[in-house]
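Survey of secondary and tertiary structure
What follows is each chain in one-letter form.
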Amino acid sequence: RRTAALPHRCTPQMLGLIGELALFVAFAAAIASGVAYVLASRDRLTPTEALQYKRLGRGGWLASLGATVGASVILWTLLLTEQYQYHYVYSQTSSAMPFRYQFSAFWAGQDGSFMLWILMTGAVGASVLWWSTRRAGITAASVKARETFAAPVMAVCALCLGFLLSMVIGLKIGGIQIGASPFITLAEKFPDAPIVQQAGYVPQDGQGLNDLLQNPWMTIHPPTLFVGFTMMMVPFAFAVAGLWQRQYTQWVQPALPWTLVGLGVLGLGIMMGGYWAYITLSFGGWWAWDPVENSSLVPWLIGVAALHAMLVQKKTSGGHKAALLLTVAAFAFVSYSTFLTRSGILGDVSVHSFVDLGLYNQLLLFILSIIGLGFGLFFYRYRDLPKPAAPPATLSRESFIFMGALTLALTGLVIILGTSAPIFGRIFRDTPAA
């Protein structure tokens, strides 16, 4: 074991404790940032008061990002120095694995992939912060839009970050377990196993990655996919901010670049995963794909439909209801895809499904919060939404774009309905067909 590679005077046990503490700090800072941005979004605040709350929110976000980076560095250190007394390291790495797979083992397991998603969310949120403060080379209207949307958009992002961090803090309150920490030891994971309870016991080697994951695509496909998932959060946040601040059409202009980049990256990640599945698992056809592959496709289809609705709204000032609904739905299906993958509900029918770590209720709460926030605000503001002066002509370009967007959205719904068939089947029998 390469324990000599650890920092001077820093034991593996100390590193694990620091990692857990960093995750607690990140979670608390994310919550504080969200509260500050909610306060900054209130009406009737003076510019000075709003600026003070925004500074607090920015400080909380950057503190959360810094703590997340620190925890990630510690986890990589434990993986690369083969500290097999930690359950995550033991279950994902082995001495025989090449460096690239030891490095990518960071996101091979459930808790580690959440860490990757959290890291990406922190970085994307920091990009939104940079966007909101940039003033050089932009118009006065763009400056006003950034000032209007910065606080509510970051409040929604902080909500998402807080939920994701809750999945890995590993906090136990009474009989309730919140999250599954990547820093738990074998002794903590298996309290009834006498061999791992021996003082100083460290396995000589780990289990290593699943053979199907020891593929060069493992190093690039999951990070690309998670960047795409994270980027889809930003248009969702703009749509919610538009409903929140009654800016029912103005949110589209700043949200469009984030939507384009997010869909491009997510589409690239899906294509990488598709190619990997063909060469590794020999699926033999698109519709024979694993359920999790299909559930990742659905947010992209809905997102592309939303993009076209946004383009129509930008051009004609119509279609804002479709743009809002589809943008909210795209990220709602991101959360649903996460639920399918990580709750264990498709464990018998999917080769991608992670082992259930007891996150079912947390993931369900995450989905319900996203759906409740987005669709709840939409229907609450529905009567205030402006109506177009006249519907577009039947044979106009806008009508054809809407028909194309509707086709994409319905295709996504059909795919997700079929993908969820094992879940619906449980209503009627204990062991439904896959």
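Residues numbered from 1 in each chain as written. Predicted model: local features only at pLDDT ≥ 70, side-chain atom pairs only at ≥ 80, totals over all residues. Heavy atoms only, no water.

Here we look at the overall build of the chain
Per the secondary structure count, the chain includes 14 helices and two strands. Summing over all exposed atoms, the chain offers an accessible surface of approximately 20000 Å²; the carbon and sulfur share of this is 64%. (Helix = DSSP H or I, 4+ residues; strand = E, 2+ residues; numbered from the N terminus. Areas by Shrake-Rupley, 256 points an atom, 1.4 Å probe, with all protein chains shown as cover.)

Some thoughts on helix H2 (residues 47–80)
Given a rise of 1.5 Å per residue, 34 residues ought to cover 50 Å, and the 49 Å separating the end C-alpha atoms of H2 matches this to within 8%. Two residues or fewer past H2, Glu82 is found with a positive phi of approximately 55°. (Expected span 1.5 Å × (residues − 1).)

Section: unusual backbone geometry
The phi torsion at Arg44 lies on the positive side, around 65°, for a residue other than glycine. Within the element layout of this structure, Arg44 appears in the loop between helix H1 (12–40) and H2.

A few points about helix H8 (residues 221–244)
Spanning 24 residues, H8 covers 35 Å between terminal C-alpha atoms, matching the ideal 34 Å at 1.5 Å per step. Here H8 lies mainly inside the structure; 22 of its 24 residues are buried. In the segment just after H8, Arg246 is the residue with positive phi, at about 60°. (Buried < 20%, exposed > 50% of the residue type's maximum accessible area, 1.4 Å probe, protein only.)

Overview of a nonpolar patch on the surface
Residues Leu417, Phe424, Ile427 and Phe428 make up a contiguous nonpolar surface patch of about 500 Å² in total accessible area. Residue placement: Ile427 occurs in the segment after helix H14 (421–425). (Patch = residues over 30% accessible without salt bridge, like charges linked within 9 Å, V, L, I, M, F, W, Y side chains within 5 Å. Salt bridge = Lys/Arg side-chain N within 4 Å of Asp/Glu carboxyl O.)

A closer look at the nonpolar core
Phe238 and Trp251 are the most contacted members of the largest nonpolar core, which has 114 residues in total. Counting residues per element, this core draws most heavily on H8, at 14 residues. Not counting residues within four places of it along the chain, the set of residues in contact with Trp251 comprises Phe149, Pro235, Phe238, Ala239, Gly242, Met310, Ala323, Leu324 and Thr327. (Core = buried A, V, L, I, M, F, W, Y, C linked by side-chain atoms within 4.5 Å. Contact = heavy atoms within 4.5 Å.)

Observations regarding empty space enclosed by the protein
All told, the structure shown has one cavity of 30 Å³ or more when counted by the stated rule. Every residue along the wall of the largest cavity is listed here: Met232, Pro235, Phe236, Thr259, Gly303, Ala306, Met310, Thr327, Ala330 and Phe331. Going through the elements one at a time, H8, helix H10 (291–316) and helix H11 (320–342) are the ones with two or more residues in the lining of the largest cavity. Taken together, the residues of the lining of the largest cavity break down into seven nonpolar, three polar and no charged. (1 Å grid on protein atoms, 1.4 Å probe; cavity = no way out; pocket = protein on both sides within 12 Å on 5 of 7 lines; lining within 4 Å. Points joined across faces, edges and corners; volume = space filled by probe spheres on them. Nonpolar A, V, L, I, M, F, W, Y, C, P; charged D, E, K, R; others polar.)

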